[in-house]
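Coordinates in review
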Amino acid sequence: MKKMNEQILADYAQQLLGIDSPTGFTQHAIAWIEEQVQALGYTCYRNAKGNLIVEIEGLADQPVVAVSAHTDTLGLMVRAIKKDGKLAFTRLGGPCLPTLDGEYCRIITRQGKVYTGTILSTAPAVHVYKEASSQERSEETMEVRIDELVRNEEDVRQLGIQAGDIIAIDPKTTITPSGFIKSRFLDDKISAAIFLTLLKALKDENVTLPQKTYFLFSTYEEVGHGASWIPGDVTELLAVDMGCIGTDLSCTETDVSICAKDSGGPYDYAVTTALVEAAKAAGAAYAVDVYPHYGSDAEAALSAGYDVRHGLIGAGVYASHGYERSHVEGVENTLKMLWQYTTKAVDRVKRTERKISGVFRE
C-alpha cells in the first residue's frame, strides 16, 4: 500500500464523528457511510437491524473473511421530564459519567426537532452547593439543562420532548498539529474511517483480494449485539475496535493493539499469531495486550452461534469511554496491518496453525 493519505482519513473521521449516532440511533451515520462506499464503486446492503455490509469477491471462495467496525456510540436517552423542566436520563452503553459533567449535548425528538443543552450535576454551582465538587456523578445526581425558556414539565412537553428521545453528546473533535486525534467516540468511528480509507486505497491501486471479504459496519455494538448476525459463509471474523491503554498494558497511542484476551476469554490463538506476523510484515508498530474490561463484535458473533475464528485489533486509544485520544501514527499502523491482513496469502491462518503445531512437536 502506498503511504496513507492522512488528510483523506482525517476528512472521513471528522465527517463521521460529526454525525450523531448513539446506539439505537445510527441510521444517519450508516446512510453517510453507504454513500461513501457506493461512491467508491462498491456494492453493499443492510440487514434488518441496520448493519451495513460491503461484499467483495476475491480470487478464492474460501476462507471467507469479515472485518467489522461499529458505528454506534455511547449516548443518553431521556428517562423523564422533571418538574422544574430539566431532563432525567438513562445511559446508552457505558459512558463514564463524571466526564460528562458540563458537556454540551443535543436532544433529538421523534419529530426531528433538535434542541441544545448541557449535562450537569444536580449541584452545579459552587456558590450554592457545598457538595458541588464532591457529589457523586450518577444518573440520579445528573440531569440535562435545555437551552430553551422552560420552567416546568409542561413547557418541555410543548417543545415536543418526551421520554425515549435521544440525547447525543458533543464529540468535540480536534486534530492537533502534532498528530493527536482528540474526540469522543473514536471508539469506534476511527476504525470506520480506517475502513473507508482502506476501501478507497484498494480501488485506487486496483487490488483484487485473495479471498472473499466482507467489510461490516455494525450497529448496537455498545450494547453487546452489533455483529450477532454476520453472513453465513464467514469463517474468520476480525473485529477492529479501539486498542486499550492503561495499567499493565503495553499499547500506546502510536501502536496498533492486538488483543489476546478480554473479559469474554481468549481470542483464536492462530488468528492472533497471524495478526502478529501481519504487523511484522507490514512494518507496523504493535502491542499484544490483555484487556480486563472489554467485549467486541467478534464475541457477539460467537455468542450468536457462528462457527468462526476470531480476532481483535485497534488503534491505541487513551481514556476510553471518556474524551478519547489517539494519534495518526497509531491509525496508520492499524491501516498498514489491515492492508497486510486483507491483501496477502489466503491461507495465512493455516500456515500459522502448521507453524504452531511444528513448534509444539519439537
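As a starting point, this report considers the structure included with it. (Residues numbered from 1 in each chain as written. Predicted model: local features only at pLDDT ≥ 70, side-chain atom pairs only at ≥ 80, totals over all residues. Heavy atoms only, no water.)

1. Points about the environment of Asp 248
Spelled out, the test is: Only runs of H or I of at least four residues qualify as helices and only runs of E of at least two qualify as strands under DSSP, and these elements are numbered from the N terminus.
Within the element layout of this structure, Asp 248 appears in the loop between β13 (236-244) and β14 (256-262). A C-alpha to C-alpha distance of 28 Å links Asp 248 and Ser 138, two positions 110 residues apart in sequence.

2. Looking at the state of the cysteines
One way to say it: the disulfide is the covalent bond shared by the sulfur atoms of two cysteines. The criterion, for reference: When two cysteine sulfur atoms are found within 2.5 Å, that pair is recorded as a disulfide. Each residue gets one of three labels from its accessible area relative to the maximum for its type: buried under 20%, exposed over 50%, partly exposed in between, using a 1.4 Å probe on protein chains only.
In the structure shown here, the tally under the stated rule is zero disulfides. With no disulfide of its own, Cys 244 has Cys 259 as its nearest cysteine by sulfur position, at a separation of 7.2 Å. Among the residues examined, Cys 244 registers a relative accessible area of 12% and is labelled buried. Given the relative accessible area of 0%, Cys 259 is considered buried.

3. Considerations on the sheet that holds strand β18 (residues 324-327)
In plain terms, the rule: Only strands that DSSP links by at least two bridges are regarded as paired with each other. Here a residue-residue contact requires only that any non-hydrogen atoms of the pair lie within 4.5 Å. Think of each axis as a best-fit line through the C-alpha atoms, taken over the contacting stretch in the case of a helix, with angles from 0 to 180 degrees between the N-to-C directions.
Read across the sheet, three strands follow the order β10-β11-β18 without closing on themselves; strand pairing throughout is antiparallel. Edge positions in the sheet fall to β10 (174-175) and β18, since each of these pairs with one other strand and no more. Those strands touched by helix α4 (residues 186-204) are β11 (180-183) and β18, and its axis lies near 30 degrees from that of β18.

4. What about unusual backbone geometry?
The omega torsion of the bond from Gln 62 to Pro 63 falls at -10 degrees, within 30 degrees of zero and hence cis. Looking at the element boundaries, Pro 63 is found in strand β3 (residues 60-70). The backbone of Asn 206 sits at a positive phi, close to 55 degrees, despite the residue not being glycine. Mapped onto the elements of the fold, Asn 206 is located in the loop between α4 and β12 (211-218). Since its relative accessible area comes to 67%, Asn 206 is described here as exposed. Positive phi, normally seen in glycine, also occurs at Tyr 220, with a value near 70 degrees. Locating Tyr 220 in the fold gives a position in the loop between β12 and β13. Classification of Tyr 220 as partly exposed rests on a relative accessible area of 26%.

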